[in-house]
Structures are given as structure tokens and as C-alpha cells.
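# Geometric and topological summary
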Amino acid sequence: MEENLKRNIVNKIFDMQETEICHNPYDHEQRKLFSIESGDLRQLRRCQKEKYEGRLGRVADEDLRNDKNIAIIVITLASRAAIRGGISPELAFTMADNYICDIERQKDKKVIAKKAEEYEEEFARQVMEAKKSPETNHYVEKAKDYIYKHLHNVDIHRVWEETGINGDYLCRLFQKYEGCSVEEYIRKEKIKQAKELLQYSNYHIQEISEYLSFSNQSSFTKCFKLETGMTPKEFRKSCFKQTR
């Protein structure tokens with residue numbers, strides 16, 4: 001270990017022993033992570049409200065950078081706890097990437113701390129949703145993970161290849177564990193992403209239709225209305241009204 005770095009660690013430990021102000025308890029961190037892993041939102045919020053005489057670590061010299069780094073550590077640990085809790089690694093990584101980018105944009109220390117807690121809660125909420133389905137299947141989860149990664153241009157034959165099992169058998173597994181065929185699951189997931197793009201992006205409906213590989217906008221509109229009861233245009237308009 002570099003001599004200066006080792007000296008700094010020794011001095012930090014000495015200072016904490018002298019002042020009797022140490023880091024927040026390790027068991028507090030573990031209880032928070034276990035709450036996320038269990039999808040226990042209430043327990044997580046109780047942990048977040050707990051106060052200790054200790055302090056958070058110092059991971060940067062400049063105050064704002066330090067707060068951002070701590071928030072990034074919190075998000076990273078929460079994402080790993082959520083994966084252990086059963087959510088798709090790709091989903092957890094994508095959530096973490098976006099949350100970290102949001103933290104980097106912030107300038108207010110209180111906002112950063114608040115957002116870090118909100119993001120912990122969102123990871124716990126995703127685990128809670130995943131656990132609503134008590135039974136899972138390795139092949140179904142593997143297929144779902146592949147579909148999530150390639151949703152914009154997913155090929156049903158590639159899904160079969162990725163899972164390494166017969167297509168008919170995979171479809172039976174989907175019927176058992178998801179209550180629908182593989183094709184229906186893909187369509188539902190596409191519409192779910194379309195809703196997010198309609199609500200949170202400025203992409204035109206035609207662009208969203210093409211991005212999600214619908215044969216044409218008419219087919220996209222038909223599928224969207226079948227799932228939501230509204231056309232894409234009506235859905236976007238309703239989202240706009242809610243935010244006003």
C-alpha cells in the first residue's frame with residue numbers, strides 16, 4: 001500500500017478513536033440492504049429514519065463531490081441488494097446508471113440525500129413487485145432477461161436459442177409462470193416501454209413504433225389500445241394533463 005495512503009488511514013482511525021465519533025454502524029447498513037433485498041419498503045423507511053451519533057464516510061475532499069460519491073455508493077449497494085432480491089440484473093444496472101446520472105446533475109446537498117433515499121425505495125419497490133409472483137423458473141427468467149435487453153428488436157427464435165430449450169416447452173413454461181405465451185409477454189413489455197416513452201420522451205409516435213419494431217404505426221396503435229384501452233395519442237394527452 002502507498003505510504004501516504006496508509007498514513008492517512010492510520011491517522012483517520014486515531015482521530016475517530018480520540019473524538020469517539022465513528023462511522024455509522026455496519027449493522028444499520030446491513031439492515032437497509034436486507035430490507036431492499038426482501039422488498040420490505042416499510043422496514044427500509046424505518047431504517048432511513050434512524051439517527052446515530054456517528055457520521056458518513058469521507059470519500060472526497062470537496063463537500064458536494066463527497067455527498068455525490070456517498071449517494072453513488074448507496075445506489076450501487078442498493079442495486080446489488082435488489083438483484084439478490086430477484087430483479088433482473090439488466091434492470092437493476094439500468095436503474096442505477098440513470099439514478100447516478102441524476103445525482104451527478106444535482107447541486108444541492110439536501111436534494112442529493114433525499115434522492116438517494118428515494119432511489120433506495122424504488123429498488124425495494126421493484127423487488128416487492130418481483131416477489132408478488134411466488135414461483136419462478138430459471139428458463140423463464142433467462143428468457144425475460146434476454147427480452148428486456150433486446151426489446152427494441154427481439155427475435156422469438158433467438159429467445160429459444162438463448163434459453164437452450166424447445167420453443168413449445170418454453171411457451172408452456174411462460175403459460176405456467178407468466179400466464180401468457182412468449183409472444184404475448186413480448187407485446188406487453190413493448191407496450192410497457194412505449195408508455196414510458198410516450199410519457200417521458202419527446203419522440204413522435206411513429207418513431208416509437210419503429211423503435212419497438214412494429215410493422216407499422218397502425219399495428220402499434222392497435223396493440224397499444226388492446227393493452228391500455230387508449231390510443232398512443234390519447235395516452236400521451238392524458239399524461240400531459242396529469243402533469244399540468
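### Concerning the nonpolar core
Core analysis: the biggest nonpolar cluster contains 21 residues, and Ile36, Ile75, Ala82, Ile87, Tyr99, Ile103 and Phe123 have the highest contact counts within it. Among the elements of the structure, helix 2 (26–38), helix 3 (41–49), helix 4 (63–85), helix 5 (89–105) and helix 6 (109–130) are those that each provide at least two residues to this core. Broken down by element, the residue count for this core peaks at six residues, all from helix 6. Residue contacts for isoleucine 75: discarding those within four places in its chain leaves Ala96, Tyr99, Ile100, Ile103, Tyr119 and Phe123. In this structure, Ile156, Leu170, Tyr177 and Val182 belong to the second largest nonpolar core, which totals 17 residues.

### A few points about unusual backbone geometry
Its identity is not glycine, yet serine 213 carries a phi of approximately 60 degrees, on the positive side. The partly exposed category is assigned to serine 213, whose relative accessible area is 35%.

### Focus on the confidence of the model for the protein
In this model, the protein carries an average pLDDT of 84, and 84% of its residues clear a pLDDT of 70 or more. Note that pLDDT drops below 50 for residues 9–23; the model gives that stretch 14 contacts with residues more than four away or on any other chain.

### Let's talk about the packing of aromatic side chains
The full count for this structure, using the stated rule, is six aromatic pairs. A ring pair is formed by tyrosine 99 and phenylalanine 123, whose centres lie 5.6 Å apart and whose planes are at 80 degrees; its orientation type is edge-to-face. Here phenylalanine 123 lies in helix 6 and tyrosine 99 lies in helix 5, a separation of 24 residues in the sequence. The burial state of tyrosine 99 is the same as that of phenylalanine 123; both residues are buried. Ring geometry for phenylalanine 224 versus phenylalanine 235: centroids 5.6 Å apart, planes at 70 degrees, classification edge-to-face. Residue phenylalanine 224 is located in helix 12 (residues 217–228), and its partner phenylalanine 235 is located in helix 13 (residues 232–243); the two are separated by eleven residues in the primary sequence. The rings of Phe214, Phe220, Phe224 and Phe235 are connected pair by pair, giving a single aromatic cluster. Between lysine 190 and the ring centre of phenylalanine 214, over which it is positioned, the NZ or CZ distance is 5.5 Å.

### What about the pattern of salt bridges?
One pass over the structure, following the stated rule, counts 17 salt bridges. Between glutamate 141 and lysine 144 there is a salt bridge whose closest N-O contact spans 3.4 Å. One end of the pair is glutamate 141 and the other is lysine 144, both in helix 7 (residues 138–149) and three residues apart, which spans about a single turn. Across the salt bridge formed by lysine 192 and glutamate 189, the nearest N and O atoms sit 3.2 Å from each other. With lysine 192 and glutamate 189 both in helix 10 (residues 182–200) and three residues apart, the pair spans about one turn of that helix. For glutamate 189, a relative accessible area of 15% translates into the label buried. Through salt bridges with shared partners, one network takes in Asp102, Arg105 and Lys115.

Analysis parameters
- Residues numbered from 1 in each chain as written.
- Predicted model: local features only at pLDDT ≥ 70, side-chain atom pairs only at ≥ 80, totals over all residues.
- Heavy atoms only, no water.
- Core = buried A, V, L, I, M, F, W, Y, C linked by side-chain atoms within 4.5 Å.
- Buried < 20%, exposed > 50% of the residue type's maximum accessible area, 1.4 Å probe, protein only.
- Helix = DSSP H or I, 4+ residues; strand = E, 2+ residues; numbered from the N terminus.
- Contact = heavy atoms within 4.5 Å.
- pLDDT = per-residue confidence, 0-100.
- Phe/Tyr/Trp six-rings, centres within 6.5 Å; stacked < 30°, edge-to-face > 60°.
- Lys NZ or Arg CZ within 6 Å of the ring centre and 35° of its normal.
- Salt bridge = Lys/Arg side-chain N within 4 Å of Asp/Glu carboxyl O.

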